[in-house]
Every structure is written in C-alpha cells, then in structure tokens.
Amino acid sequence: MLEKVDLTKKLSKEEYKAKMPMLETKLSYLQRQCKEMNIPVMIVFEGYDAAGKGLQIGKLIRGMDPRGFEVYTVKKETEEEAMHPFFWRFWRKTPQRGRMAIFDGSWYRKVLIDRFEKRTKERELPSIYYSICSFEKQLTDDGNVLIKLLFDIDKKEQKRRFKKLKKKKETAWRVTQGDIERNVRYSEYERMMEEMLQKTDVDYAPWTIIEATDRRFAAVKMYSTVIAFLEEEIKKRKNEQVKTRATEVLRELESEKEEAQAVEIQSPKTEGSQISKLQESILSKADLACTLTKEEYKKKLKKLQKKIEMLHGELYRRRIPVVIGFEGWDAAGKGGAIKRLTEKMDARGYVVTPIAAPNDIEKAHHYLWRFWRAMPKAGHIAIFDRTWYGRVMVERIEGFCTKEEWQRAYKEMNDMEKDLADAGTVILKFWMHIDKEEQKKRFTARQETPEKRWKITEEDWRNREKWDSYEEAVNEMLLRTSTEYAPWIVVEANSKYYARIKVLQTVAEAIEKRLKEERK
C-alpha cells in the first residue's frame, strides 16, 4: 500500500485558505449531529514520527466544541497499565455515545514501536492482530464510528524535520533516540507498517493514508476524511430511524415464528434438533443429588480456605491475575459460595463486583466496557457476582438487546476472555445449578424469614415463569462459551454444602495448576 502513495501532493496557500473555513464549519455541525444522535466516534492518528500528527490533531479540534471530545496521547505503558491486559487501558478510553475520543498513537503501538524495540515478540503477532481486529469489530458493531488515519512521509523528509526540531531548544526534546533509530532503519520500520496495514485494513475499520509531506494538503484530506465518515454514519442512522417502526413489526413476527419453530425443533430430522439435544445434555448431566453432611462440609471448608489463603499470597508474589465469574439460577447460592471463597483471603488482594442492571453511563458505552474496567491487575483477583453473560441470558430473554446483538455476543465474550488469558489470567466461570423445585423451596423460605426477605422480589417470581426459556439460553451459553482457557464449571447446588466445597476445590486446583506451570 505505502509504495503506491504519492508523497509529492501539495496544496497552495490560497486553496487551503479557501477550503478550511467551510471544512471547519461542516465538522462542527457534524459533531453536534453526532451528539444529538448519540453516535460515539473514535479517531486514531498513527504514522511516522514527525509526520505532524500532533499538529493536525490541533487543527482538527480547533473548530469543535471542547466539551464533546477528549484527546489521549498513547505512550509506553505505565506501571499500572502494564499490570493489566493490554486492551484494558483502551477499553477504559472508549467514548460514551455522543462523544469523541481522539488517539495520538493507539493500540497499534504494540505492532509498531513495541515490535521495533523487541518488546513485542514475533511469535505474539498473530494473537495481537486477532485481538486488534476483534476489538475494532466489537466497537463498530456496537455503533462506534472508527476513523483510522495514517500520516505518511518518506525517510528524507522525516530526517529533515528531525534536524529542524533539534535546532531549537524548545523543540529538541521532541526527538528521541528511538525516533532517530527508526529513521536510520526506516525500511525495516516501513515493512512493519506495511504488514500492519495489510492485517488491519478491513471493511468495518479501514485505514486512510494521509500524504503528509505538505501540511496543508494533509490537513484538508484529514478534514475531508473525517467529514465523509461522519456524514455516512449520520445518513445511515437516519435511514434506520425511518425503518424503525417496520423493524419492530418484523421483530414481533420473528418472535412468533421462533415460538412456532420451538415446537418443530423436536423433530430429529433437522440439524436444529440435534443442536437442541446437545444443549439439553449439558445441564441434564448435573447430578443434583450430590450432597455433603455438615461435618464433612466443615472439615473440608476449613482445609480448603486455609489452602486458598496460602495460594492467594503466592498469586500476588508471582503477579498472576485471576477472574472468577458466578452465574446461576436465582437463589442458587452464588452469594454463599463467594462469601466462603473470600472469607480467609487478604481483602487488599481481591474485589467482588456485584452486577446489576447497567446505569445510564454504562448504557452509553459498549456492554463490555464496564467489565473491562473491573478486570484485575497482575496478582489480584476479580470476582463477579453475575457477569457479562447477562447479554445472552437476561438481555436475550427480556428483549433488552436485539437478536443480532446477543448472537454476536458469544464471540465477543470468547474474544475478551482470550485477551485476558493471553495476558496470563486464570479464568473460571461457575454456573450454580439447582432444580425448579429447590428454587421454589428457597424462595418460600426467604419470604418467611424476616432477615432474608430483602433477597426475594416480584421479579424473581416472574423469572420462574420463564424457566424453560432461560434453561435453553443457559445451555446454549455453556455450549458456545466454555473454552480451554475460560471453562464453565456446572456446580450441582441443590446441596449448599456440596456446592461451596466444589467451588473452593475447583478454584484451588486451578490456581495450583497455574503455579506449577509458572515454576517450570
């Protein structure tokens, strides 16, 4: 791609002065439109050192409302950032709907500067490129406008600009030894840039190369590109609004069709019925008769809690992060299991995050945003009382997201967990399983016990009426998202004693396994 770029393109001062006022006015208007239509925008500035990225960012934001955007400068990871999975810091900076995030440098540093400086290993590249494409696909699928600009200059022009910057005391600091080294080995860095473009120039997040030898030409092309992307998205949204009512009607018809198919799917002749049988087998394999006596429970609990206390300290020393997610039927004992799991842990080394319905700020972001923000740094444990899997259960069943959204969520969640696992995280996901009769028994007991009455709501009883729908969704979730790096563990929880011990024992074994691998 780069060898075909014409870096001699120029724009006269007169042409520049004639075009810029109109472009600035247009962009300011589009920014307001994006805010009104709740469109999140991400603009990435990448390219060669001294290509003028900082200068052009200044020009881009000159006519915009500063209350509607934020500029992030991406340098080498801080100590805090280095202790988290790589994309943690970028998920935290994704804009809420109606706002803009502008990146001076970005996640592409990992395959450019970090690769050039040998901090990124060649064997890691396939996984990193996969994660980059997954990250961008998730954001654009969720409605983000992602504009990627690469500012291009040749070796000679770059060297000339470095020389000019170094002449003045006020600007000499901007030229680092790394900048000079990349100029000396320009062709090597160019090959890395070319590979990056080939791997990540995709239809949902294409690159625009900005010929940056002439700064006036670069500014006009930058403005024109951003404006074109925003106009296209606004036009698309307006067309969607026109079709909204028709879509709602179609969705109602589709729902009726699915109900009819649910009856037909019992036929063994269809592929769908085979999948259904496979799904049903997952929960049906759980032996809910598993139990422990109180004496057995107390003895095992004491031993396991002592072991987990010791393992927790070892995790911290070896800087291994752990993510533990709890899902399950209402009243299945998630809270009780979490309490016994954490009882002897050092409270400074873990956080329990209870997940409720998203608030207004969380709704204004991609649904995974709030979970990425809660992921643990190296050596710490994050425990989730309900998880991101609400997307394919509650939100799916209750209609809080579209069918397209929950169907693509399986891959999105698998990819998020892969990123965590690639960063060395131990991931365990527990489904606390009880039968319908046991749930009714526990609901009734809660209602009849004053100090536990707060735990039971009308919504819990309403959810019971949709047991079969939830069971189907759970089975599909377990089937599609239990992976080697982030397995689901079905916990037979009719016996609270048995369930708690199984959780603690599973956690202890998983941590011990990882510690053994670290010692090799």
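As annotated in an unreviewed UniProt entry, the chain carries the name Polyphosphate:AMP phosphotransferase and is attributed to Faecalicatena acetigenes.

Each aromatic ring pair is specified by the distance between its two centres and by the angle formed by the two planes. Applying the stated criterion across every chain yields a total of 27 aromatic pairs. Taking the centre distance of 5.1 Å and the plane angle of 80° together, the rings of Phe-384 and Trp-388 count as edge-to-face. No difference in accessibility class separates Phe-384 from Trp-388, as the two residues are buried. With a centroid separation of 5.1 Å and 75° between ring planes, the pair formed by Phe-443 and Trp-461 is classed as edge-to-face. Residue Phe-443 is found in helix H20 (residues 436-448), and its partner Trp-461 is found in helix H21 (residues 458-464); the two are separated by 18 residues along the sequence. The exposure class of Phe-443 is buried, given its relative accessible area of 0%. Between the NZ or CZ atom of Arg-319 and the centre of the ring of Tyr-316, over which it lies, the distance is 4.4 Å. Residue placement shows Arg-391 over the ring face of Tyr-367; its charged tip is 4.2 Å from the ring centre.

In this structure the tally under the stated criterion is 2 cavities of 30 Å³ or more. Contributing to the lining of the largest cavity are Phe-87, Trp-91, Ser-131, Ser-134, Phe-135, Gln-138, Trp-372, Asp-415, Met-416 and Asp-419. Among the elements of the structure, helix H6 (125-141) and helix H19 (403-422) are those that each provide at least two residues to the lining of the largest cavity. Counting residues per element, the lining of the largest cavity draws most heavily on H6, which supplies 4 residues. Looking at the lining of the largest cavity residue by residue, the class counts come to 5 nonpolar, 3 polar and 2 charged. Within this model, the second largest cavity holds a volume of roughly 30 Å³.

The next point concerns a positive patch on the surface. A contiguous patch of positive charge, built from Lys-155, Lys-159, Lys-163 and Lys-167, is present on the exposed surface. Of note, Lys-163 is situated in helix H7 (residues 155-167).

Across the sheet, which stays open at both edges, the 5 strands sit in the order S2-S3-S1-S4-S5 with parallel pairing between neighbours. Whereas interior strands pair on both sides, the edge strands pair on one side only; in this sheet they are strand S2 (69-73) and strand S5 (207-211). The mean angle between the axes of side-by-side strands here comes to 20°, regardless of whether they run parallel or antiparallel. Pairing analysis gives 7 bridges linking strand S1 (residues 41-47) to strand S4 (residues 145-152), with the strands arranged parallel. In the sheet register, Met-42 faces S4, and the bridge partner there is Leu-146.

Relative to each other, helix H1 (residues 13-36) and helix H11 (residues 215-242) sit at 30°, their axes nearing to 9 Å. As the angle between them shows, H1 and H11 are arranged roughly parallel. As for how H1 packs across H11, the hand of that crossing is left-handed. Facing Lys-13, Tyr-16, Lys-19, Met-20, Leu-23, Glu-24, Lys-26, Leu-27, Leu-30, Gln-33 and Cys-34 of H1, the residues of H11 in contact are Arg-216, Ala-219, Val-220, Tyr-223, Ser-224, Val-226, Ile-227, Leu-230, Glu-231, Ile-234 and Lys-238. Across the contact of H1 with H11, the residue classes tally to 13 nonpolar, 2 polar and 7 charged.

Turning to unusual backbone geometry, a few remarks are in order. In this structure, Arg-319 takes a positive phi of about 55° despite not being glycine. Here Arg-319 lies in the loop between helix H14 (294-318) and strand S6 (322-328). For Arg-319, a relative accessible area of 38% corresponds to the partly exposed category. Not every positive phi belongs to a glycine, and Arg-386 is a case in point at roughly 80°. Locating Arg-386 in the fold gives a position in the loop between strand S8 (381-385) and helix H18 (394-398). Look at Arg-386 and you get partly exposed, because its relative accessible area is 24%.

Reading the values: rules and limits
- Per-chain numbering applies: the sequence of each chain, read as written, is numbered from 1 onward.
- Per-residue local features are limited, in this predicted model, to residues with pLDDT of at least 70; the limit for side-chain atom pairs, both in listing and counting, is 80 or more; totals at the level of whole chains, interfaces and linings are taken over all residues.
- Each side-chain value is derived from all of the structure's non-hydrogen atoms; neither hydrogens nor water enter the calculation.
- Any pair of Phe, Tyr and Trp rings, taking the six-membered ring for Trp, is counted once the centres come within 6.5 Å. Such a pair is stacked with planes under 30 degrees apart, edge-to-face with planes over 60 apart, and tilted for the rest.
- Burial classes: relative accessible area under 20% of the type maximum marks a residue as buried, over 50% as exposed, and values in between as partly exposed (1.4 Å probe, protein chains only).
- Secondary structure counts use DSSP, requiring at least four H or I residues in a row for a helix and at least two E residues in a row for a strand, with both numbered from the N terminus.
- When the NZ atom of lysine or the CZ atom of arginine is within 6 Å of a ring's centre and also within 35 degrees of its normal, the charge is said to sit over that ring.
- Residues are called lining when one of their atoms sits within 4 Å of a cavity or pocket point, these points coming from a 1 Å grid over the protein atoms alone, where a cavity is a set in which a 1.4 Å probe fits but cannot get out and a pocket is an open set with protein on both sides within 12 Å along at least five of seven lines.
- Grid points are joined across faces, edges and corners, and a volume is the space filled by probe spheres set on the points.
- In this classification, Asp, Glu, Lys and Arg are treated as charged, Ala, Val, Leu, Ile, Met, Phe, Trp, Tyr, Cys and Pro as nonpolar, and every other residue, Gly included, as polar.
- Patches here: salt-bridge-free residues with over 30% relative accessible area, like charges joined within 9 Å, nonpolar side chains (Val, Leu, Ile, Met, Phe, Trp, Tyr) joined within 5 Å.
- To be clear on the numbers: accessible area is Shrake-Rupley with a 1.4 Å probe, and residue cover counts the displayed protein chains and nothing else.
- Take a side-chain nitrogen of Lys or Arg and a carboxyl oxygen of Asp or Glu: if they are within 4 Å of each other, that pair is a salt bridge.
- The positive count covers Lys and Arg only, the negative count covers Asp and Glu only, and His and the chain ends enter neither.
- Charge coordinates come from a single atom per side chain, which is NZ of Lys, CZ of Arg, CG of Asp or CD of Glu.
- For two strands to be treated as a pair, DSSP must find no fewer than two bridges joining them.
- Every angle, taken between N-to-C directions, lies between 0 and 180 degrees, and every axis is a line fitted to C-alpha atoms, over only the stretch in contact when it is a helix.
- What sets the label is the angle itself: under 35 degrees gives roughly parallel, over 145 gives roughly antiparallel, 65 to 115 gives roughly perpendicular, and the rest give oblique.
- By convention the crossing between two helices is left-handed if the near helix lies anticlockwise of the far one by an angle smaller than a right angle, and right-handed if it lies clockwise.
- What makes two residues a contact is simply this: any of their non-hydrogen atoms within 4.5 Å.

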